[in-house]
Amino acid sequence: MTTSDQTPDQTPEPTPGPTPRPTAEPLSPVSRTALSVARVRAFESARPDPLFVDPYAAAFVTAAGLPLEPSAAGSDLARALVAHGTLRTRFYDDRLLAAGADQVVLLAAGLDTRAYRLDWPSGTRVFELDLAPVLAFKDQVLDGLGAAPHAERTALPADLLDPGWPERLRAAGFDPARRSVWLAEGLLVYLTPEEAAGLLTAVAGLAAPGSRLLLEQGRDVSRTPHDPALAHVTGLWRGGLGPGTDAWLDEHGWTPEVTTLVRLAEAHGRPLPNPASTTAFLEAERRAAH
């Protein structure tokens, strides 16, 4: 006899340990910029007159151990980036829902929670593509909150500079024969012109006629004002396709429409800091092949 009253068959199940706390430590410098976007969204959501409400943004910032106030909120460049990020979020929210496509692809989705916070039509599938550590951090936070998506969500770990990502998207259930809407929010500025062109060429190969693409117009990042407090973001900018993004799209089978930040600000009654006034957003429709 042993000193225990239990037989081997009666050994109790091990008690689960505490759920590991989410950590942003594995995120790359570019991936960590998603936390800056979440901070802007949390800041806007707390306003008495928000242009949108992201009920999860603050949880990402808190889980990463960061203050909720946007970084260097008093500087001209910081205020411009906050205004840009706020109006950009609302613009893309509206255009994604208006696109009328039941396949939604979020490229470099980061901490985007549109699958959870927007009122998607029944049958909508949202594909979120980003690096595995980003998606793991996001899922840990959202699972901890008990969040449930309002669409069929597929989180797909993928490196968008890897030419194999389109095949992985198809294998996950994306149908290139049907219309889709694509979002590249705040993405191209972190790519070189060659990388940006390669990514959009891959998107074009998956986008059926009538599909939509949402992204920024692009600008000359060499003229970005210097702000040491924001160098962890602006120092990573490579410019993408720059101010000619709309022309590039037109030459490659898309019909782009430009909406300036000034126009959006006027429509929503939000004053703009001067450094933000030259930026713009694009919504491009995929043309039928000749």
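We now turn to the structure provided with this report.

Parameters and conventions
- Residues numbered from 1 in each chain as written.
- Predicted model: local features only at pLDDT ≥ 70, side-chain atom pairs only at ≥ 80, totals over all residues.
- Heavy atoms only, no water.
- Helix = DSSP H or I, 4+ residues; strand = E, 2+ residues; numbered from the N terminus.
- Buried < 20%, exposed > 50% of the residue type's maximum accessible area, 1.4 Å probe, protein only.
- Areas by Shrake-Rupley, 256 points an atom, 1.4 Å probe, with all protein chains shown as cover.
- Expected span 1.5 Å × (residues − 1).
- Axes fitted to C-alpha atoms, helices over the stretch in contact; angles between N-to-C directions.
- Parallel < 35°, antiparallel > 145°, perpendicular 65-115°, else oblique.
- Contact = heavy atoms within 4.5 Å.
- Nonpolar A, V, L, I, M, F, W, Y, C, P; charged D, E, K, R; others polar.
- Pairing = 2+ DSSP bridges.
- Right-handed = clockwise from strand over helix to strand, strands pointing away.
- Phe/Tyr/Trp six-rings, centres within 6.5 Å; stacked < 30°, edge-to-face > 60°.
- Salt bridge = Lys/Arg side-chain N within 4 Å of Asp/Glu carboxyl O.

### Examining the overall build of the protein
Scanning the protein from N- to C-terminus turns up 10 helices and seven strands. When burial is assessed residue by residue, the protein has 47% of its 290 residues classed as buried. Of the roughly 14100 Å² of accessible surface on the protein, a fraction of 54% belongs to carbon and sulfur atoms.

### A few points about helix H3 (residues 76–98)
Relative to the 33 Å expected for 23 residues at 1.5 Å per residue, H3 spans 33 Å between its end C-alpha atoms, a close match to the ideal helical length. Backbone geometry just after H3 places Gly100 at a positive phi near 70 degrees.

### With respect to the packing of helix H1 (residues 29–45) against H3
For the pair H1 and H3, the least separation of the axes is 9 Å and the interaxial angle reads 75 degrees. On the basis of the axis angle, H1 is roughly perpendicular to H3. Residues Val37, Val40, Arg41, Phe43 and Glu44 of H1 lie in contact with H3, whose contacting residues are Val82, Gly85, Thr86, Arg88 and Thr89. Broken down by class, the residue content of the contact of H1 with H3 amounts to four nonpolar, three polar and three charged.

### Description of the pairing of strand E5 (residues 212–216)
Summarising burial for E5: four of the five residues are buried, a large majority. Alignment of strand E4 (residues 181–184) against E5, held across four bridges, turns out to be parallel. Along E5, the bridge assignment pairs Ala184 with Leu215. Handedness of the crossover is the feature at issue here: the chain leaves E4, passes through helix H7 (residues 193–204), returns alongside E5, and the resulting connection is right-handed. With five bridges connecting them, E5 and strand E7 (residues 280–286) associate as antiparallel partners. Within E7, the residue paired with Leu215 across the bridge is Leu282.

### Let's talk about the environment of Ser31
Considering the arrangement of structural elements, one finds Ser31 in helix H1. For Ser31, a relative accessible area of 10% corresponds to the buried category. Separated by 102 residues in the primary sequence, Ser31 and Pro133 place their C-alpha atoms 8.8 Å from one another. With sequence-adjacent residues up to four places away left out, Ser31 is seen in contact with Leu131 and Val134.

### Thoughts on the packing of aromatic side chains
Taken as a whole and assessed by the stated rule, the structure comprises eight aromatic pairs. Geometrically, the ring pair formed by Phe91 and Phe281 is stacked, given 5.7 Å between the ring centres and 25 degrees between the ring planes. Within this pair, whereas Phe91 is found in helix H3, its partner Phe281 is found in strand E7, the two being separated by 190 residues in sequence. Across the pair, Phe281 and Phe91 agree in class, each one buried. Arranged with centres 5.9 Å apart and planes meeting at 80 degrees, the rings of Phe127 and Phe174 form a pair that is edge-to-face. Taken together, the residues span a long stretch of sequence, with Phe127 in strand E2 (residues 125–130) and Phe174 in the loop between helix H6 (165–171) and E4 at a distance of 47 residues. Put simply, the rings of Phe127, Trp165, Phe174 and Trp182 pair up and form one aromatic cluster.

### Some remarks on the packing of H3 against helix H10 (residues 261–268)
Orientation of H3 relative to H10, taken along the N-to-C sense of each, is 80 degrees, at an axis distance of 10 Å. Relative to H10, H3 is oriented roughly perpendicular. Side by side, H3 and H10 meet where His84, Leu87, Arg90 and Phe91 of the first sit next to Leu261, Leu264, Ala265 and His268 of the second.

### A look at the sheet that holds E5
Overall, mixed pairing links the seven strands, which are arranged E3-E2-E1-E4-E5-E7-E6 in an open sheet. At either end of the open sheet lies a strand with only one pairing partner, and these are strand E3 (152–157) and strand E6 (254–260). Neighbour-to-neighbour, the strand axes of this sheet turn through a mean angle of 15 degrees, independent of strand direction. Each of strand E1 (103–107), E4, E5, E6 and E7 touches H3; the most contacted strand, E5, lies at about 175 degrees to it. Sheet strands in contact with H10 are E6 and E7, and its direction is about 55 degrees off that of E6.

### What to know about the pattern of salt bridges
Overall, the coordinates contain 23 salt bridges when judged by the stated rule. A salt bridge links Asp54 to Arg117, with the shortest nitrogen-to-oxygen separation between them at 3.9 Å. Linking Asp54 in the loop between H1 and helix H2 (57–63) with Arg117 in helix H4 (residues 114–117), this pair joins segments that are 63 residues apart in sequence. Each of the salt bridges in this network shares a partner with another, and the network as a whole consists of Arg41, Asp54, Arg88, Asp93, Asp112, Arg114, Arg117, Glu185 and Glu216.

Keep in mind these values describe shape, not function.
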